[in-house]
Amino acid sequence: MADNPNAKPRHSGADGDPQKSESSFLSDLFAPVAGFGVTFSTMFRKVATEEYPEQKRPTQLRYHGRHQLNRHPDGLEKCVGCELCAWACPADAIYVEGADNDDESGQRYSPGERYGRVYQINYLRCIFCALCIEACPTRALTMTNEYELADNNRADLIFTKDQLLAPIQSGMLPAPHPMVEGMEERDYYQGKVTGPTPDQEKWVREHSSDEESAE
Amino acid sequence: MGIEEKLPAGFLLSTVENVAGYMRKYSVWPATFGLACCAIEMMAVGTPDYDIARFGMERFSATPRQADLMIVAGRVSQKMAPVVRQVYDQMPEPKWVISMGVCASSGGMFNNYAIVQGVDHIIPVDIYLPGCPPRPQMLLNAILELHDQIQNTKLGVNRQEAARAAEAAALKATPTHAMKGLLA
C-alpha cells in the first residue's frame, strides 16, 4: 500500500479519465442487478436434479441392494442351509435354519443333503456390506440393485424366504421336486443341469394334483 | 389440534381430510437433526442433485419449534436419548418421524449397551428406512411413503374412530412375548 500513491496517478494518467468515468457509469447502472447475472444465466442451463420418483438414475451394476436367494436352472434352490452367511454377518441380521431333504416324502428343495428351511434377513439390522455374499459357498445368496425398502413397521422389514427367493424363470419348476435323474449334487454346480427334465415335470404335475385333491 | 378436529363426520370432513392431507404433505419442514453418518446422506438430499425442495421441504428448520418432521439420522446413544425426546417434544403438532438408517431403526450393527436399540423406544416412528447409510433416493422414497401416510390421515371424529380401532386391534393381537414361531 505504501507505493500505491505513486502507481495510481501514473495509471490514470496513461489510460485517461474518460474511460474510467464510462466504466464507472456502466458499473453503477448494473451494480444492483449484477449478481442476478449468474441466476439469469443458470435459467438456461441443464437441470442437474435427478427427478427421482419419475426418472430413476440406475445404480452401479454391483450396487449392494436387497438380497436374493438364487435357484438352479431346474428350479431347485441353491441354498444348502449351511448358515455361513449368518456367521459372517457383522450385524446378526440373518437367521437360517437348515433341514434335511427327503426324497421319500417329496420334500426336496435343493440338490444334495440339506436345504434352508427358514431364511430371514432383518433389513433393520442389515448394513449391506455383502460379507454374507462372500461367505456363501454355493452362490445362493446374491444382491439385487433394488433399494426401495422403507416401511412403517419393524416386523415387515424382516424378509422371509418367500420374499427373498428369486422369481421362477420360464421353464423352472417350483421347489419341492426330485433332482434331475442320474445327476448328483456335483453336477448341478458343474453346470450340467440346464433345465427341468420331463420326468421332473411329470413328478410335479402328479404331486401338485395330489395336493389340490387333498385340499 | 385445531378447528378441523371439531368438525362433524361425513362428506364435509372427508373433503377437509383430503385437502388438509394434501396441504400438509407438501409443506413438511424437517428439523435439522443429524446424529451420525446418515446425516451426510441427509445433507446430500438437500443438494441440487436430489433437491428435497421438490417435495415441499424448502429448508431444514434450525429450530424444532418450526419443524414438522424429524429425520433421526444416525445411531442414538443412551446419552443422546433424552435430547432426542426433548427435540421431539418441542416440535408442534402435527409431527412425524422418519427413522433413517439401521442404527436409528433398530440399533443396527451396534448391538451394545451404548446405543438405543431403535429410536422407537423413545419416540413414535412413522417410517423405518433401512440402509447403512441409505442412499439419497432411499430417503426420498421414505419421504414419499410418509406423504402417503399424511394424505390418508384422519381428522376429528374419524381420527378418534381410527385410534379406537387401532387400540382394539393392538389389544387383540398376540403380545410379542407370547409369540411362538419364527418371528418371535
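What you see is a predicted model, and the numbers here were worked out from it, not measured in a lab.

Student: Describe helix α2 (residues 38-46) of chain B, and please don't skip the residues or the numbers.
Tutor: What α2(B) keeps buried is the set B:Cys38, B:Ala39, B:Met42, B:Ala44 and B:Val45. Residues of α2(B) that are buried sit in contact with β1 (69-73), β2 (96-100), α4 (101-106) and α5 (136-151) of chain B.

Student: Quick one: what's the story with the interface of chain B and chain A, residue by residue and with numbers?
Tutor: If you look at the interface, chain B gives 35 residues, while chain A gives 30 residues. Of the roughly 2,700 Å² buried at the junction of chain B and chain A (both faces included), carbon and sulfur atoms supply 57%. For the pair chain B and chain A, the interface holds three salt bridges. There are 13 residue pairs in polar contact (both at pLDDT 80 or more) connecting chain B and chain A. Elements that contribute at least two residues to the side of chain B that touches chain A include exactly α4, β3 (127-129) and α5 of chain B. At eight residues, α5(B) tops the list of elements feeding residues into the side of chain B that touches chain A. Residues that form the side of chain B that touches chain A fall into these classes: 16 nonpolar, twelve polar and seven charged.

Student: Talk me through the packing of aromatic side chains; I want residue IDs and the actual numbers.
Tutor: Under the defined criterion, the tally for this structure stands at six aromatic pairs over all chains. On the basis of an interplanar angle of 85 degrees and a centroid distance of 6.1 Å, the ring pair of A:Tyr63 and A:Tyr147 is categorised as edge-to-face. Of the two residues, A:Tyr63 sits in the loop between α3 (36-42) and β1 (67-69) while A:Tyr147 sits in the loop between β4 (141-143) and β5 (158-159), which places them 84 residues apart along the sequence. With relative accessibility at 19%, the residue A:Tyr63 sits in the buried group. When its relative accessible area of 7% is taken as the criterion, A:Tyr147 is described as buried. Among the aromatic residues, those joined into a cluster by ring pairs are A:Tyr123, A:Phe128 and A:Phe159. Directly above the ring of B:Tyr88 sits B:Lys95, whose terminal nitrogen or CZ lies 4.2 Å from the centroid. The aromatic ring of A:Tyr63 is capped on one face by B:Arg135, whose charged end is 4.7 Å from the ring centroid.

Student: I'd like to hear about a nonpolar patch on the surface, residue by residue, with values.
Tutor: Residues and elements named next belong to chain A. On the surface, a nonpolar cluster with roughly 640 Å² of combined accessible area is contributed by Phe-25, Leu-26, Leu-29, Phe-30, Val-33 and Phe-36. Residue contributions to the nonpolar patch peak at four residues, all from helix α2 (residues 17-30). Along the chain, Leu-29 turns up in helix α2.

Student: Account for empty space enclosed by the protein, naming residues and giving values.
Tutor: Residue and element names in this part refer to chain A. The final tally for this structure, using the stated rule, is two cavities of 30 Å³ or more. Each pocket or cavity is described by its volume, and for the largest cavity that value is around 80 Å³. Around the largest cavity, the lining is made up of 13 residues, and of these Cys-79, Cys-82, Cys-85, Cys-136 and Ala-140 lie nearest the centre. Looking at the lining of the largest cavity residue by residue, the classes come out as ten nonpolar, two polar and one charged. Each pocket or cavity is described by its volume, and for the second largest cavity that value is around 60 Å³. Within the lining of the second largest cavity, the residues separate by chemical class into eleven nonpolar, one polar and no charged.

Student: Can you lay out the UniProt feature "binding site: [4Fe-4S] cluster" (unreviewed entry) in chain B for me, pointing to particular residues and giving the numbers?
Tutor: Per the UniProt record, the feature "binding site: [4Fe-4S] cluster" (unreviewed entry) sits at B:Cys37, B:Cys38, B:Cys103 and B:Cys132. The annotated residues occupy 96 residues of the chain but converge on a single region, no pair of C-alpha atoms lying more than 10.2 Å apart. The residue B:Cys38 is located in helix α2 in this model. Beyond its immediate sequence surroundings of up to four residues, B:Cys38 is in contact with B:Ala73, B:Gly74, B:Met100, B:Gly101, B:Pro133 and B:Pro134. Along the polypeptide, B:Cys132 turns up in the loop between β3 and α5. Contact partners of B:Cys132, with chain neighbours within four places excluded, come to A:Ile127, A:Phe128 and B:Val102.

Student: An account of the confidence of the model for chain A is requested, with residue identities and associated values reported.
Tutor: When pLDDT is averaged along chain A, the result is 84, and 86% of the positions lie at 70 or above. Predicted confidence for residues 1-16 of chain A stays below pLDDT 50, and this span has two contacts to residues more than four positions away or in other chains.

Student: How would you explain the confidence of the model for chain B if you had to name every residue and give the values?
Tutor: In this model, chain B carries a mean pLDDT of 87, and residues with pLDDT of at least 70 account for 91%. Predicted complex, confidence summary: ipTM 0.84, pTM 0.82.

Student: Lay out the UniProt feature "domain: NADH:ubiquinone oxidoreductase-like 20kDa subunit" (unreviewed entry) in chain B in plain terms, naming residues and giving numbers.
Tutor: When the UniProt feature table is mapped onto this chain, "domain: NADH:ubiquinone oxidoreductase-like 20kDa subunit" (unreviewed entry) is found at residues 37-146 of chain B. The distance separating the terminal C-alpha atoms of residues 37-146 of chain B is 22 Å; by composition the span is 33% helix and 12% strand.

Student: With reference to specific residues and values, describe the sheet that holds strand β3 (residues 114-122) of chain A.
Tutor: Residue and element names in this part refer to chain A. Ordered by their spatial adjacency, three strands build an open sheet running β2-β3-β5, and the pairing between neighbours is antiparallel. The open sheet is flanked by β2 (94-100) and β5, the only strands paired with a single partner. With seven bridges connecting them, β2 and β3 associate as antiparallel partners. Its bridge partner lying in β3, Glu-97 is registered against Val-118.

Student: With reference to specific residues and values, describe helix α3 (residues 81-90) of chain B.
Tutor: Residues and elements named next belong to chain B. For α3, the set of buried residues is Ala-81, Val-84, Val-87 and Tyr-88. Buried residues of α3, seen end-on, are gathered within an arc of 125 degrees and therefore sit on one face of the element. In the core, the buried residues of α3 are packed alongside β1 and β2.

Conventions used here
Residues numbered from 1 in each chain as written. Chains lettered and ligands numbered in written order. Predicted model: local features only at pLDDT ≥ 70, side-chain atom pairs only at ≥ 80, totals over all residues. Heavy atoms only, no water. Buried < 20%, exposed > 50% of the residue type's maximum accessible area, 1.4 Å probe, protein only. Helix = DSSP H or I, 4+ residues; strand = E, 2+ residues; numbered from the N terminus. Contact = heavy atoms within 4.5 Å. Buried area = accessible area lost by both parts, 1.4 Å probe. Salt bridge = Lys/Arg side-chain N within 4 Å of Asp/Glu carboxyl O. Polar contact = N/O pair within 3.5 Å; in protein donor to acceptor, adjacent residues only side chain to side chain. Nonpolar A, V, L, I, M, F, W, Y, C, P; charged D, E, K, R; others polar. Phe/Tyr/Trp six-rings, centres within 6.5 Å; stacked < 30°, edge-to-face > 60°. Lys NZ or Arg CZ within 6 Å of the ring centre and 35° of its normal. Patch = residues over 30% accessible without salt bridge, like charges linked within 9 Å, V, L, I, M, F, W, Y side chains within 5 Å. Areas by Shrake-Rupley, 256 points an atom, 1.4 Å probe, with all protein chains shown as cover. 1 Å grid on protein atoms, 1.4 Å probe; cavity = no way out; pocket = protein on both sides within 12 Å on 5 of 7 lines; lining within 4 Å. Points joined across faces, edges and corners; volume = space filled by probe spheres on them. UniProt positions renumbered as here; feature names shortened; annotations may be inferred. pLDDT = per-residue confidence, 0-100. Pairing = 2+ DSSP bridges. Arc of directions from axis to C-beta.

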